[in-house]
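Listed below, chain by chain, are the residues.
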Amino acid sequence: MFRLFWADDGGLPANDRGLAYGDGLFETIRMSGQKGVLLSRHLERMVRDAGRLGIEVSRKELASVCVEAGQRFADRFKGDGWVLKLILTRGSGGRGYRPDPGMEPNLLVSASALPPPPDPDGVAVDFSKVTLAVNPLLAGVKSLNRMEQVLAAAELKPSLFDVIMADREGNLVEGTRTNILLRQADGWVTPPASSLAVAGVLRQWLLERLRQRGEPVTERPVTVPDVLGPDCQGMFLLNSVLGIVPVLTIAGHHLPVDSGLATIFNPLETLE
């Protein structure tokens with residue numbers, strides 16, 4: 001069970017642990033009417049990763065809230081797509097880091113307009129100066145602790161779609177809001193899930209589809225020479241709200257652009 005809050009009704013209590021400590025996680029789901037893109041994967045990830053944080057939540061309850069949210073918000077956006085955001089925190093109360101036993105989680109639900117679509121011919125990105133440090137206990141979890149992404153996003157200029165963050169060894173990990181995928185002569189390459197701050201649902205869906213098609217996919221560290229070298233046949237950014245986005249330039253370096261991968265993912269075909 002959780003306590004349900006609607007953002008347009010006032011939001012979370014002031015003593016919520018998500019506000020105080022970032023003690024929680026969230027999902028952003030692309031919606032069309034009352035249905036969500038890859039909805040079951042979003043809910044499964046929230047339940048699984050909440051369990052990793054010691055927060056108990058029922059998938060059935062989350063699904064019920066999504067139905068209610070669809071009924072509440074879909075008409076507001078007419079025929080346009082919209083974004084449903086679920087923020088789950090450990091709950092309210094208690095002073096200090098140690099949570100009180102038996103806390104009841106809080107769930108905050110909000111809706112916003114779908115952002116403008118990226119240029120299908122490709123976008124410009126750059127390398128971030130902010131190092132991304134991923135605690136193994138939190139790898140892949142879309143937690144409320146996003147300060148590195150906030151600092152990196154401050155580097156964005158109007159001409160840039162995203163900036164790509166590297167770990168302490170200099171391996172490229174992900175964008176501030178995207179996972180990365182490279183096409184090389186011998187197949188597809190993406191950083192391993194264990195190195196990611198957020199293991200995106202579109203990333204996992206796409207890797208499964210590529211493997212089903214018999215295309216080689218390797219999960220390994222990605223270096224700057226992998227991107228800027230002659231073996232790179234394309235770089236793609238993955239985000240379940242924005243889709244599969246080809247990169248046209250990175251730090252001013254032009255990359256090959258192939259729109260074929262974008263045709264694999266049609267958001268309307270993944271509505272649930």
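This write-up is about the structure you can find in this document.

## Digging into the overall build of the protein chain
Okay, so step 1: Looking only at helices and strands, the protein chain features six helices and 14 strands.
Okay, so step 2: Computed over its C-alpha atoms, the radius of gyration of the protein chain comes to 19 Å, within 12% of the 19 Å expected for a compact globule of 272 residues.
Okay, so step 3: Over its C-alpha atoms, taken along the principal directions, the protein chain stretches across nearly 55 × 40 × 35 Å.
Okay, so step 4: Long-range pairs, those at least 24 residues apart, make up 70% of the contacts in the protein chain between residues at least 6 apart in sequence.
Okay, so step 5: Approximately 13,000 Å² of the protein chain is accessible, and the part contributed by carbon and sulfur atoms is 52%.
Okay, so step 6: When the 29 basic and 32 acidic side-chain charges of the protein chain are each reduced to a single mean position, those positions are 3 Å apart.

## A few points about the pairing of strand β9 (residues 179-184)
Okay, so step 1: Of all six residues that make up β9, five are buried, and the element is covered over most of its length.
Okay, so step 2: Direction of pairing for β9 relative to strand β12 (residues 232-239): antiparallel, over a ladder of six bridges. Its bridge partner being in β12, Leu182 is matched across the sheet by Met235.
Okay, so step 3: Here β9 pairs with strand β10 (residues 187-190) via three bridges, running antiparallel. Across the sheet, the residue bridging to Gln184 is Gly187, located in β10.
Okay, so step 4: The antiparallel hairpin formed by β9 and β10 contains two residues in its connecting segment.

## Digging into helix α2 (residues 39-52)
Okay, so step 1: Taking 1.5 Å per residue as the helical rise, α2 with its 14 residues ought to reach 20 Å, and the 20 Å between its terminal C-alpha atoms agrees with that figure.
Okay, so step 2: What α2 keeps buried is the set Leu39, Ser40, His42, Leu43, Arg45, Met46, Asp49 and Ala50.
Okay, so step 3: Contacts from the buried residues of α2 go to β2 (24-32), β3 (35-36), α3 (59-73), β4 (81-89) and α5 (201-212).
Okay, so step 4: Just beyond α2, the residue with positive phi is Gly54, at close to 80°.

## Here we look at the side chain of Thr89
Okay, so step 1: On the secondary structure map, Thr89 appears in strand β4.
Okay, so step 2: Within the structure, Thr89 has its side chain in polar contact with the side chain of Asp16 (distance 2.6 Å).
Okay, so step 3: Excluding residues within four positions of it along the chain, Thr89 makes contact with Leu12, Asp16, Gly18, Asp23, Gly24, Ile55, Pro105, Asn106 and Leu144.

Thresholds applied
- Every residue gets a number counted from 1 within its own chain, in the order that chain's sequence is written.
- Only residues with pLDDT of at least 70 get local features here, since the model is predicted, and only at 80 or more are side-chain atom pairs given and counted; chain-wide, interface and lining totals rely on the full set of residues.
- Note that the side-chain values use all heavy atoms of the structure and ignore hydrogens as well as water.
- For helices the rule is a DSSP run of H or I covering at least 4 residues; for strands it is a run of E covering at least 2, with both sets numbered from the N terminus onward.
- Here the radius of gyration uses the C-alpha set of atoms, whereas the globule reference equals 2.2 Å times the residue count to the power 0.38.
- Whether two residues touch is decided by their heavy atoms; if any such pair falls within 4.5 Å, the residues are in contact.
- Surface accessibility in these figures is a Shrake-Rupley result with a 1.4 Å probe; residues are shielded only by whichever protein chains are displayed.
- Here the positive residues are Lys and Arg and the negative ones are Asp and Glu; neither His nor the chain ends is included.
- Positions of charges follow a simple convention, taking NZ of Lys, CZ of Arg, CG of Asp or CD of Glu.
- Think of it in three bands: with a 1.4 Å probe and only protein chains considered, a residue is buried below 20% of the maximum accessible area for its type, exposed above 50%, and partly exposed in between.
- Think of it this way: DSSP has to see at least two bridges between two strands before they count as a pair.
- Expected span of a helix, by definition, is 1.5 Å for each gap between consecutive residues, and there is one gap fewer than residues.
- Polar contacts, as counted here, are pairs of nitrogen or oxygen atoms within 3.5 Å of one another; within protein the pair requires one atom able to donate a hydrogen and one able to accept it, and residues that are adjacent in sequence qualify only if both atoms are side-chain atoms.

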